[in-house]
Structures are given as C-alpha cells and as structure tokens.
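# What the coordinates show
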Amino acid sequence: MSQPTALKEKLDHLQHHFIDSDQQFDAAKMGMWVFLVTEILFFGGLFVAYIVYRSWYPELYLLASTELDTFWGAVNTFVLIGSSLTVAMAIRSAQLDQIKGLIINLYITIGLACVFMVIKYFEYAHKFEKGILPGSYYSYEGIAHEKANIFFSIYYMMTGLHGVHVLIGIGLMIWLVVKAKRKVLHSGYYTPVEITGLYWHLVDVIWIFLFPLLYLID
Amino acid sequence: MSGHHISSAKFLWGIGITLFLLTFLTVAVTWINIPEPWNVVVAIGIAVGKASIVAAFFMNLYWDTKFNLMLFIMSLVFFLLMIGITLLDTLYRTDPIPSF
C-alpha cells in the first residue's frame, strides 16, 4: 500500500504533457539555455559598446580605469566564484537528497551574493560622492579627458545590469530555500535548483569578463 | 546524454580553487606590465579560460547533451558577428567619432 503513495508523491512535480521526469528535466534545462543565449546577447550589446568606445578612445579607458579599485574588484571576483562553487555544491546536495546541505549551501550563496552587493554599494557611493555619475550628470574634474563620462556611463550600465542580475539571483535563491523547506525538492526533482544554478553561473561568467575589462586595464 | 551528472565534492572544490588561482593570476600579470596590446590579449585569454571552465564543469556542459553546448556556442558566434560587423562600420568612418 505504501509504495504507490510514495511513488505518487515522488511524481507530484511531473506535468501531464511530459512522458517522464527525465524528459521534463531536459526540456526545462534546454529552455533555460535558450534564455541564457538571450542573456549573452543582451550583455553582448553592452560589450560591443565597450569595444567600440575603447577603439575610439583607448587613452580614456586607461585613465578612467584608475578610478576603479582593483582590490575590491578582485575581492568581488573571489566572492562570486565562491558563490558559484556553493551553488554547484547545492545542486550536488539536491541530487543526493541531502536537503539540509542544499539549504545550507543556498544560505551561503545568498550571503556571498549580499557581500558582493554591499561591496558594489560602497564602490558606487564612493564614486557618487566624487561626482562620478553616468552621462550628463558627470561632474568629476579628476580625469583629464573630455569624454570621461562615456567610460563611466558604460561602467554603470554594465556593472548595474550585472548587479540587477545578482539581486534577481538572490530572490531566486530565497525561492529555492522556501521550496526546499517545503520538501518539494528531492533527487527525482531538483530542476529549479539546476536551472537557477545555470543562471547563477552565467552571472559569474559575465563578471569574469567585466573584472579585467573594467578594473585591470590601467 | 545524461543531464544528471553528479560531480564529487572534491572535484567541485578543485574547480573552485583553479578559478581562484586564475583570478589571482589575472591580477598578478598586471604587476609585470606586459606591453600593449598583449596585456589585453592575456587578460581576455585568462577570462576565456575561466569562463570555459565554469561552462564545462559548473554548468555541466561537459556531460550535458550536445544540443545545449550548440546553443551556447551559437550565442558566442552571433556575439562575435555583432562585434565584427559593428567594428567594420565604426573603425572605418571618415568622420569617426559622433558628438556625444
């Protein structure tokens, strides 16, 4: 008697239009990859802007980049890579039915993401104080280049859009913690953890490029 | 074909530590002042290496269906097209720089 019930519980997640869990899992994952493709091209537009303006004003990038603190940029890179590691560990925990480990790893990830945002906040606040604002709001005199605002417009757009993605990621991790606590997730159904993980790794990959392109060029 | 590859904790830590070391390396190479344009080449090269490691072993593309890998690679191909075609315009303008 107990086995059919147990079996039914384990298949609660399965939508009627899929043959089995595996097909549903692979379909969800492919859908996420299609979304990540749009994300790459979304950020790609900003990278193109970066490249075009760098080809026009190479000396501006070298000058303006000195305003960015390499130390905190590097710390944030370590923080994000650490969070990617904990997300990978969270997926592993879910695959092995270790729900407690899953929740702990998600909490560490949320913590690291918050550390990233706090560091970003201080970096932004420090620049705002100096009058380093995007576009026509730029009023800083410390960079001897008439187009200095362009570098910082690109900086704020790229790191800002990335920051929004980190915030959305924090929201998704909280959603996963809630799901895990409700015991919805198990080794037969961890799709939400897997695809949120893919999203989080992509956010990490984008930062891996932003860090040398913005902070390390001086 | 299996989308359910389970990596060992040791393996995941190994990947994480490799990425930490490469991050350190990318900062360290700026201390030795490689001349233009090789400093950019080295920085982007290390970033591409790190991104490939993340995509292959954290995003599981190494064990995943080839279709997902194809999606990822196609996005990069179209991204490179976007860069290439844009630069064909912006690098060769007679009046190269707009007023803004």
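Let us look at the structure shown here. Source: prediction; values computed, not measured.

Attention now goes to helix α4 (residues 70-95) of chain A. Residue and element names in this part refer to chain A. For α4, built from 26 residues, the straight-helix expectation of 38 Å at 1.5 Å per residue is met to within 8% by its first-to-last C-alpha distance of 38 Å. Counted residue by residue, α4 has 19 buried out of 26 residues, so it is predominantly covered. Within two residues after α4, Asp97 carries a phi angle of roughly 65 degrees, on the positive side.

In a soluble, globular protein the nonpolar side chains are often hidden away together inside. Of all hydrophobic cores here, the largest spans 68 residues; its most connected members are Ala90, Phe151, Val193, Ile206 and Leu210 of chain A. Looking at this core, the elements with two or more residues in it are α2 (21-56), α3 (58-64), α4, α5 (99-130), α6 (148-181) and α7 (191-215) of chain A together with α1 (9-28) and α2 (38-58) of chain B. Counting residues per element, this core draws most heavily on α7 of chain A, which supplies 15 residues. If near-sequence neighbours (up to four positions away) are discounted, Ile206 of chain A is found in contact with Phe43 and His162 of chain A.

Each side of the interface is counted separately: chain B has 37 residues, and chain A has 35 residues. When residues of the side of chain B that touches chain A are traced back to their parent elements, those giving at least two are α1, α2 and α3 (66-90) of chain B. With 12 residues, α3 of chain B is the single largest residue contributor to the side of chain B that touches chain A. Here the side of chain B that touches chain A is built from residues that sort into 24 nonpolar, 12 polar and one charged.

On to the packing of α2 of chain A against α6 of chain A, then. Residues and elements named next belong to chain A. Where α2 meets α6, the closest approach of the two axes is 10 Å, and the angle between their N-to-C directions is 160 degrees. Comparing their axes, α6 and α2 come out roughly antiparallel. Considering how the two elements wind past one another, α2 and α6 form a crossing that is left-handed. Of α6, the residues touching α2 (which contributes Phe43, Leu46, Ala49, Tyr50 and Tyr53) are Ile150, Ile154, Met157, Met158 and Leu161. Split by residue class, the contact of α2 with α6 holds 10 nonpolar, no polar and no charged.

Thresholds, definitions, all that
In this numbering scheme, every chain counts its residues from 1 along its sequence in written order. Chain letters start at A and ligand numbers start at 1, both assigned in the order the entries are written. Local features in this predicted model are restricted to residues of pLDDT 70 or higher, and side-chain atom pairs are both shown and tallied only at a pLDDT of 80 or more, whereas totals for entire chains, interfaces and linings draw on every residue. Comment: elements are numbered from the N terminus, with helices defined as DSSP H or I runs of at least four residues and strands as E runs of at least two. One fewer than the residue count of a helix, multiplied by 1.5 Å, yields its expected span. We call a residue exposed when 12 or fewer other C-beta atoms sit within 10 Å of its C-beta, buried when the count reaches 20 or more, and partly exposed for counts in between; the C-beta positions come from the backbone. Each nonpolar core comprises buried Ala, Val, Leu, Ile, Met, Phe, Trp, Tyr and Cys residues, the members being joined through C-beta atoms within 7 Å. Any residue pair is listed as a contact if its two C-beta atoms, each placed from the backbone, are within 7 Å. As a working rule, the residues Ala, Val, Leu, Ile, Met, Phe, Trp, Tyr, Cys and Pro are called nonpolar, Asp, Glu, Lys and Arg charged, and the rest polar, with Gly in that last group. Lines fitted to the C-alpha atoms define the axes, with helices restricted to the stretch that makes contact. Angles between their N-to-C directions range from 0 to 180 degrees. Should an angle lie under 35 degrees it is considered roughly parallel, over 145 roughly antiparallel, and from 65 to 115 roughly perpendicular; all remaining angles are considered oblique. Left-handed describes a crossing whose near helix is turned anticlockwise from the far helix through less than a right angle; right-handed describes the clockwise counterpart.

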